[in-house]
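Here's the letter readout for the chains.
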Protein chains: 2
Amino acid sequence: MTKWLDNDTLHQDVVVSSRTRIARNLTNYTFPLYMSVGESDKLTDDILNSMKENYMSWNFKFVRIRDLTPRERLSYIEEHLISPDLVQKIDKSSFLLRDDEKVTIMINEEDHLRIQTLLPGLNLTDCWELCSNIDDCLESELEFAFREDLGYLTACPTNVGTGLRASVMLHLPCLTMAGNINSLVEALRKVGLTIRGIYGEGSEAIGNLYQISNQTTLGETEEEIIDKLNKIITQVVTRERNTRKYLLENKGLELEDRLFRSYGILSNCRLINSKEAMNHLSNVKLAYDAHLLNDEKFDKIIELMIKIRPATIQKDCNKDMDQEERDKIRANIIRDYFLDMEG
Amino acid sequence: MTKWLDNDTLHQDVVVSSRTRIARNLTNYTFPLYMSVGESDKLTDDILNSMKENYMSWNFKFVRIRDLTPRERLSYIEEHLISPDLVQKIDKSSFLLRDDEKVTIMINEEDHLRIQTLLPGLNLTDCWELCSNIDDCLESELEFAFREDLGYLTACPTNVGTGLRASVMLHLPCLTMAGNINSLVEALRKVGLTIRGIYGEGSEAIGNLYQISNQTTLGETEEEIIDKLNKIITQVVTRERNTRKYLLENKGLELEDRLFRSYGILSNCRLINSKEAMNHLSNVKLAYDAHLLNDEKFDKIIELMIKIRPATIQKDCNKDMDQEERDKIRANIIRDYFLDMEG
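Residues numbered from 1 in each chain as written. Chains lettered and ligands numbered in written order. Predicted model: local features only at pLDDT ≥ 70, side-chain atom pairs only at ≥ 80, totals over all residues. Heavy atoms only, no water.

**Comments concerning helix H2 (residues 70-78) of chain A**
Of all the positions in H2 of chain A, only Arg71, Arg73, Ser75, Tyr76, Ile77 and Glu78 of chain A are classed as buried. Backbone geometry just downstream of H2 of chain A places His80 of chain A in the positive-phi region, at approximately 65°. (Buried < 20%, exposed > 50% of the residue type's maximum accessible area, 1.4 Å probe, protein only. Helix = DSSP H or I, 4+ residues; strand = E, 2+ residues; numbered from the N terminus.)

**Quick look at unusual backbone geometry**
Within the chain, His291 of chain A stands out as a residue other than glycine whose phi angle is a positive 65°. One can find His291 of chain A in the loop between helix H8 (274-289) and helix H9 (301-307). Here Asn108 of chain B, not a glycine, exhibits a phi torsion of approximately 60°, which is positive. We classify Asn108 of chain B as buried; its relative accessible area is 0%.

**Observations concerning the packing of aromatic side chains**
What the rule picks out here adds up to 16 aromatic pairs over all chains. Seen from their ring centres, Phe146 of chain A and Tyr152 of chain A are 4.9 Å apart, and the 65° between their planes marks the pair as edge-to-face. Pairing Phe144 of chain B with Tyr152 of chain B gives two aromatic rings, centres 6.5 Å apart and planes at 75°, and the pair type is edge-to-face. Judged by relative accessible area, Phe144 of chain B falls into the buried class, the value being 7%. A residue is classified by how much of its surface remains accessible, and Tyr152 of chain B, at 11% relative accessible area, is buried. Counting every residue linked through ring pairs, the aromatic cluster contains Tyr263, Tyr288, Phe298, Tyr337 and Phe338 of chain A. The ring of Phe260 of chain B has Arg270 of chain A sitting right over it, with the charged end atom 3.8 Å from the ring centre. Its guanidinium or amino end placed over the ring of Tyr152 of chain B, Arg24 of chain B lies 3.5 Å from that ring's centre, counting from NZ or CZ. (Phe/Tyr/Trp six-rings, centres within 6.5 Å; stacked < 30°, edge-to-face > 60°. Lys NZ or Arg CZ within 6 Å of the ring centre and 35° of its normal.)

**Some words on the interface of chain B and chain A**
Of the residues lining the interface, 17 residues belong to chain B; the matching set on chain A comes to 17 residues. Roughly 1600 Å² is buried in total at the junction of chain B and chain A, and carbon and sulfur atoms are behind 59% of that figure. Interface area lost by chain B to chain A is led by Leu253, Arg261 and Arg270 of chain B, which between them contribute 37%. Inspection of the chain B/chain A interface yields four salt bridges. Residues Arg270 of chain B and Glu256 of chain A are paired through a salt bridge, measuring 3.8 Å at the closest nitrogen-oxygen approach. Applying the counting criterion to the chain B and chain A interface returns eight residue pairs in polar contact (both at pLDDT 80 or more). Broken down by secondary-structure element, the contributors of at least two residues to the side of chain B that touches chain A are helix H7 (252-268) and helix H11 (323-342) of chain B. The dominant element in the side of chain B that touches chain A, judged by the number of residues it contributes, is H7 of chain B, at 10 residues. When the residues that make up the side of chain B that touches chain A are grouped by side-chain class, the tally is seven nonpolar, two polar and eight charged. (Contact = heavy atoms within 4.5 Å. Buried area = accessible area lost by both parts, 1.4 Å probe. Salt bridge = Lys/Arg side-chain N within 4 Å of Asp/Glu carboxyl O. Polar contact = N/O pair within 3.5 Å; in protein donor to acceptor, adjacent residues only side chain to side chain. Nonpolar A, V, L, I, M, F, W, Y, C, P; charged D, E, K, R; others polar.)

**Considerations on the side chain of Asp257 of chain B**
You can see Asp257 of chain B is positioned in helix H7. If sequence neighbours within four positions are ignored, Asp257 of chain B has contacts with Cys269, Arg270 and Leu271 of chain A.

**Considering the sheet that holds strand E2 (residues 60-64) of chain A**
Residues and elements named next belong to chain A. An order of E2-E3-E4-E5-E1-E8-E10-E9 is seen for the eight strands of this open sheet, with the pairing classed as antiparallel. Looking at which strands have only one partner, the edges of the open sheet turn out to be E2 and strand E9 (193-197). Ignoring strand direction, the axes of neighbouring strands in this sheet form an average angle of 20°. Bridge count for strand E8 (residues 164-171) against strand E10 (residues 209-214) is five bridges, and the pairing is antiparallel. Among the inter-strand pairings, Met169 is bridged to a residue of E10, identified as Gln211. Against the sheet, helix H5 (residues 181-190) contacts E9 and E10, and its axis sits at roughly 150° relative to E9. (Pairing = 2+ DSSP bridges. Axes fitted to C-alpha atoms, helices over the stretch in contact; angles between N-to-C directions.)

**Here we look at the environment of Ile226 of chain B**
Residue and element names in this part refer to chain B. Inspection of the secondary structure assignment puts Ile226 in helix H6 (residues 222-250). What makes Ile226 buried here is its relative accessible area of 5%. Considered as a pair, Ile226 and Val284 are 58 residues apart in the sequence and their alpha carbons are 31 Å apart. What Ile226 contacts, discounting residues up to four positions off in sequence, is Thr20, Leu124, Thr125, Trp128, Leu164 and Ala166.

**What to know about the sheet that holds strand E1 (residues 15-24) of chain B**
Adjacent strands of a sheet form backbone hydrogen bonds with each other and so pair up, either parallel or antiparallel. Residues and elements named next belong to chain B. With antiparallel pairing, the eight strands of this open sheet are ordered in space as E2-E3-E4-E5-E1-E8-E10-E9. Looking along the sheet, the strands with just one partner apiece sit at the ends: strand E2 (60-64) and strand E9 (193-197). Averaged over neighbouring strand pairs, the angle between their axes works out to 20° when direction is ignored. Note: E1 against strand E8 (residues 164-171), seven bridges, orientation antiparallel. In the sheet register, Arg21 faces E8, and the bridge partner there is Arg165. In the packing of H6 onto the sheet, the strands contacted are E1, E8, E9 and strand E10 (209-214), and the crossing angle to E8 comes to about 10°.

**Topic: the pairing of E9 of chain B**
Residues and elements named next belong to chain B. Residues Leu193, Ile195 and Gly197 line the buried face of E9, whereas the alternating positions Thr194 and Arg196 sit on a face that is not buried. Sheet topology places E9 next to E10; five bridges connect them, and they run antiparallel. Residue pairing across strands places Thr194 opposite Ser213, the latter belonging to E10.

**Details of the relation of the copies chain B and chain A**
For the match of chain B to chain A, the screw axis carries a shift of 0.1 Å, the RMSD comes to 0.1 Å, and the turn is 180°. Look at the turn and shift together and you get a two-fold axis relating the two. Within chain B, Gly264 of chain B has its C-alpha nearest the rotation axis, a separation of 2.0 Å. Mapped onto chain A, 100% of the interface residues of chain B are again interface residues, and the two copies thus contact each other with one and the same surface. (Least-squares fit on C-alpha atoms with pLDDT ≥ 70 in both.)

**Topic: the domain arrangement of chain A**
Residues and elements named next belong to chain A. Here the domain parsing of chain A yields domain 1 (11-241) and domain 2 (252-342). In this complex, domain 1 contributes 21 residues to the contact, which on the side of domain 2 involves 23 residues. Taking both sides of the interface into account, the surface hidden between domain 1 and domain 2 amounts to around 1900 Å²; carbon and sulfur atoms contribute 60%. Joining domain 1 to domain 2, the criterion identifies two salt bridges. Salt-bridge contacts for Asp320 lead to Arg71; the nearest nitrogen and oxygen are separated by 2.9 Å. On inspection of domain 1 and its partner domain 2, the count reaches 10 residue pairs in polar contact (both at pLDDT 80 or more). For the side of domain 1 that touches domain 2, the secondary structure elements donating two or more residues are H2 and helix H4 (173-177). Per-element tally for the side of domain 1 that touches domain 2: the top contributor is H2, with five residues. (Domains from an automatic or database assignment.)

So this is what it looks like as structure tokens:
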């Protein structure tokens, strides 16, 4: 299963994970989009050489995008280990992944370097500390593009300054049910934060999973960004919990009916597509977090959500499949998981 | 549970039950619609008196419609023990029900007497024989309106002649899924038979349950009517079985998925309305008949279908309930039944 999710975490009933990433560029190279394959290979070598001295002990593996099959590329994205943008420039991009999967250093995404750290639960401070340490080590060997007045320079102006994007993935089934997401979008926009669905097209939130992140990287220190996001997330967690409490107290039977039907369908289906499975798994996670289901293994539902994504299924089975075959394997994976629960 | 369903039966995988009923009228009385309450009470006394000598040993109970609560009336209808028309003239109508529930003698339905016999499975010959015996006994004491050229006279011309309607209740999930019901309607119409959904509004077949019956009562003997219906039903049973086989062989996984999802929903729901429950129970019955589910108790699904009808639930709980309360009790009844299955 997905390694980076291994940990005891804070607010796990609502917060799935915390992520920070910083964008950095080297002074001597043009931005990745305008780079030839030759130049990008040279940049990659420079970065790898700079790391040899410090990082071999950290157990990073180095992966070139061009060496991966399409389903392997998508599977890394589904596990949130690399960004979708990294696989756009197949010949120029690569990444370093730490063996605990909590750190990824992406080379030639939109910027020369993107350092990502990923931790389960609400852990933004640890995330940022880890990110900052790696940044310091890299900066001791490489010359980053930096201006006193602007901060770190980036390919897209929205990242100039700290180059920091901090984000938190949340499970918000009850705010979604109660129709409160639109007002949340508005409230977050006013404080410079943005919310979007995970995995869905556009703003659709499959599995009721959302990502909240900062929009501005300029004019605030990294610590201010992290601190503000932390405070707001704590408020959103409280709102989701209060809505759960309200729905359980006032519409308990309808809610239980909905959640247990999802449990029944997942325990018995023989074919299921990814979107439907995600939404039923969201209901089962809610049932577990609301103590309606008590088997402890249900706190691994998020890992199951990743395991049943289309590319990850194909990677794990080591073959390409059409949709019907994936839907069948997905149903089997889920049923096995649920039957083990009951055993 | 419903007593008349107790029996080993023929073609139980497709045929739920067989029913015959004959219409008879007494010469000295006007038809029920035009009768005063006083006259109808006198007619009822005449019939009861005529039966005293022969029938006390048969263990019939006598019930006046006006002595029943509305939910008791509906419950008798849901159990198929009386016709919906019998409760239209509340003050004039009554019935005699044999303790095995296989025979009902309705007084002042559309005609003075309607004798109904009801057996599980495909049993038209036994049904008719039982009906005919009771008819003979009654006729030995009462004077029935009869003309040599027309046969038995009835309130509605469609019953003149034998006064016999024979019908069979069938479970046709796969002919329904395959979209073959319309062509079946056409084919049956051409041989003087009619098919309609049970319980549904108009032609809608809730729970994939249909009733096929003869339309003509004139120009054929009782034996010819029974024989023809028997032959046609046997053909319909074969068509349903062949379609099941075809779907299992060619779309097995989709079919299994559909049936097991119904099983999962019924085992876990907390609220369910009557129509949804009937349709899922139809799927579970199909899964059992196709040997996908093997617990022997599933051959009682038809009884469960009756037990969860709105009026029967209220009769069994001995109180009136709003829809949400019924939906909750219905879900509990079904869950208990399904959990017992697994225990």
